[in-house]
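Structure assessment
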Amino acid sequence: GAGVSQSPSNKVTEKGKDVELRCDPISGHTALYWYRQRLGQGLEFLIYFQGNSAPDKSGLPSDRFSAERTGESVSTLTIQRTQQEDSAVYLCASSLVTSGSNTDTQYFGPGTRLTVL
Amino acid sequence: AQSVAQPEDQVNVAEGNPLTVKCTYSVSGNPYLFWYVQYPNRGLQFLLKYITGDNLVKGSYGFEAEFNKSQTSFHLKKPSALVSDSALYFCAVRLLGSYIPTFGRGTSLIVHP
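Below is a summary of the structure that appears in this document. If you're wondering where the values come from, they're calculated on a predicted model, not measured in any experiment. (Residues numbered from 1 in each chain as written. Chains lettered and ligands numbered in written order. Predicted model: local features only at pLDDT ≥ 70, side-chain atom pairs only at ≥ 80, totals over all residues. Heavy atoms only, no water.)

1. Some remarks on the environment of threonine 30 of chain A
Residue and element names in this part refer to chain A. Note the cut-off: Counting from the N terminus, the helices are the DSSP runs of H or I reaching at least four residues and the strands are the DSSP runs of E reaching at least two. Relative accessible area decides the class of each residue, using a 1.4 Å probe on protein chains only: under 20% of the type maximum gives buried, over 50% gives exposed, and in between gives partly exposed. It only takes one pair of heavy atoms within 4.5 Å for two residues to be counted as in contact.
Structurally, the position occupied by threonine 30 is in the loop between strand S3 (19-24) and strand S4 (31-37). Taking the relative accessible area as the measure of exposure, threonine 30 reaches 12% and is therefore buried. Along the chain, threonine 30 and valine 97 lie 67 residues apart, while their C-alpha atoms are 6.1 Å from each other. The contact partners of threonine 30, leaving out residues within four places of it in the chain, are Phe49, Gln50, Gly51, Arg69, Glu72, Ser95, Leu96 and Val97.

2. Side note on the interface of chain A and chain B
Rule in force here: What counts as buried area is the accessible surface, traced by a 1.4 Å probe, that two parts surrender upon association, with contributions from both included. The term salt bridge refers to a pairing of a side-chain nitrogen on Lys or Arg with a carboxyl oxygen on Asp or Glu at a separation within 4 Å. N or O atoms within 3.5 Å of each other form a polar contact, as long as, within protein, one can give a hydrogen and the other can take it, and as long as residues adjacent in sequence are counted only when both atoms are side-chain atoms. Classes in brief: Ala, Val, Leu, Ile, Met, Phe, Trp, Tyr, Cys and Pro nonpolar; Asp, Glu, Lys and Arg charged; the others, Gly included, polar.
The interface is formed by 21 residues belonging to chain A together with 24 residues belonging to chain B. A buried area of about 1800 Å², summed over both sides, lies between chain A and chain B, and 53% of it is on carbon and sulfur atoms. There are zero salt bridges connecting chain A and chain B. Here chain A and chain B share four residue pairs in polar contact (both at pLDDT 80 or more) between them. Elements with a minimum of two residues in the side of chain A that touches chain B: S4 and strand S5 (43-50) of chain A. The class makeup of the residues in the side of chain A that touches chain B is nine nonpolar, nine polar and three charged.

3. Details of the sheet that holds strand S1 (residues 5-7) of chain A
Residue and element names in this part refer to chain A. We count it as follows: Whether two strands pair comes down to DSSP finding at least two bridges between them. The convention used is that axes are lines fitted to C-alpha atoms, helices contributing only their stretch in contact, and that angles between N-to-C directions extend from 0 to 180 degrees.
Taken together, four strands build an open sheet; the order of strands is S1-S3-S8-S7 and the sheet is antiparallel. Whereas interior strands pair on both sides, the edge strands pair on one side only; in this sheet they are S1 and strand S7 (65-69). Strand after strand, the sheet turns through a mean of 15 degrees between neighbouring axes, direction not considered. Of the strand pairs in this sheet, S1 and S3 are connected by three bridges, and their pairing is antiparallel. Across the sheet, serine 7 pairs through a bridge with arginine 22, a residue of S3.

4. Details of the nonpolar core
Residue and element names in this part refer to chain B. Operational definition: In these notes, a set of buried Ala, Val, Leu, Ile, Met, Phe, Trp, Tyr and Cys residues joined through side-chain atoms within 4.5 Å is what counts as a nonpolar core.
In terms of nonpolar packing, the biggest core is built from 29 residues, with Trp35, Leu47, Leu48, Phe74, Leu76 and Tyr89 touching the most fellow members. Ranked by residue count, the leading element in this core is strand S10 (residues 87-95), at five residues. Excluding anything up to four places from it in sequence, leucine 47 contacts Trp35, Tyr36, Val37, Gly59, Ser60, Tyr61, Phe63, Leu76 and Tyr89.

5. Let's talk about the packing of aromatic side chains
Cut-off, in case you're wondering: A pair of aromatic rings is counted whenever rings of Phe, Tyr or Trp (Trp by its six-membered ring) have centres within 6.5 Å, and the orientation is called stacked for planes under 30 degrees apart, edge-to-face for over 60 and tilted otherwise.
Counted under the stated rule, the structure contains 14 aromatic pairs over all chains. Residues tyrosine 35 of chain A and phenylalanine 45 of chain A carry aromatic rings whose centres are separated by 6.1 Å and whose planes lie at 70 degrees to one another, so their mutual orientation is edge-to-face. Here tyrosine 35 of chain A, found in strand S4, pairs with phenylalanine 45 of chain A, found in strand S5; they are 10 residues apart in sequence, far enough to count as distant. In this pair, the class of tyrosine 35 of chain A matches that of phenylalanine 45 of chain A, namely buried. Ring centres 6.1 Å apart and planes at 20 degrees place the aromatic pair tyrosine 25 of chain B and phenylalanine 67 of chain B in the stacked group. Note that tyrosine 25 of chain B is positioned in strand S4 (residues 24-27) and phenylalanine 67 of chain B in strand S8 (residues 64-68), a separation of 42 residues in sequence. Among the aromatic residues, those joined into a cluster by ring pairs are Tyr33, Tyr35, Phe45, Tyr48 and Phe108 of chain A together with Phe34, Tyr36, Phe46 and Phe103 of chain B.

Function cannot be inferred from these measures alone, as they are strictly geometric.
This is the structure in structure tokens:
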């Protein structure tokens, strides 16, 4: 079946511009996560959605970062006034979180490589 | 609180030899442990997980991992490495009641022909 998809696969932008990154989770997956992976680094948690609410936004690095999710479907990560340090691969993951369980596996998209010039 | 450490940035092994990628964790409770693999320019792919039960967990592509509670470790192993196993491997831990996993920094596995 279809996995997690992300678009665009690559984005090059100029410093100060806004960008929108899109994630389409696996159909039926209620949980959605955004991560940032800088070159040679591990995964940095950004935000978690359960349905269309975001119970944990603790990883967003600044108020230039925001995310929303429509229903239990598409999510958009927006970075305003991009800076060069925002350059990274942004990964999205989804999982099926059943009631009372948090053992479910995360399935990752291929990522969006953002380059801020 | 939860944390995970992958003490080796890189592991080199000859094809056909056994491989081990190390992971240790720290949680204040029962851990759920995961291994993921990332090939170049790709997202992370799930390999295996430990939730409860047998300490030895078998996963995709012939990989397995052993949960050791006393040593707080969850090392990834494979009896015979393939060149195609060369990739970046991430260990992750999640605490009961938390939906947010913590990932290690990753270990680059290089399998030489």
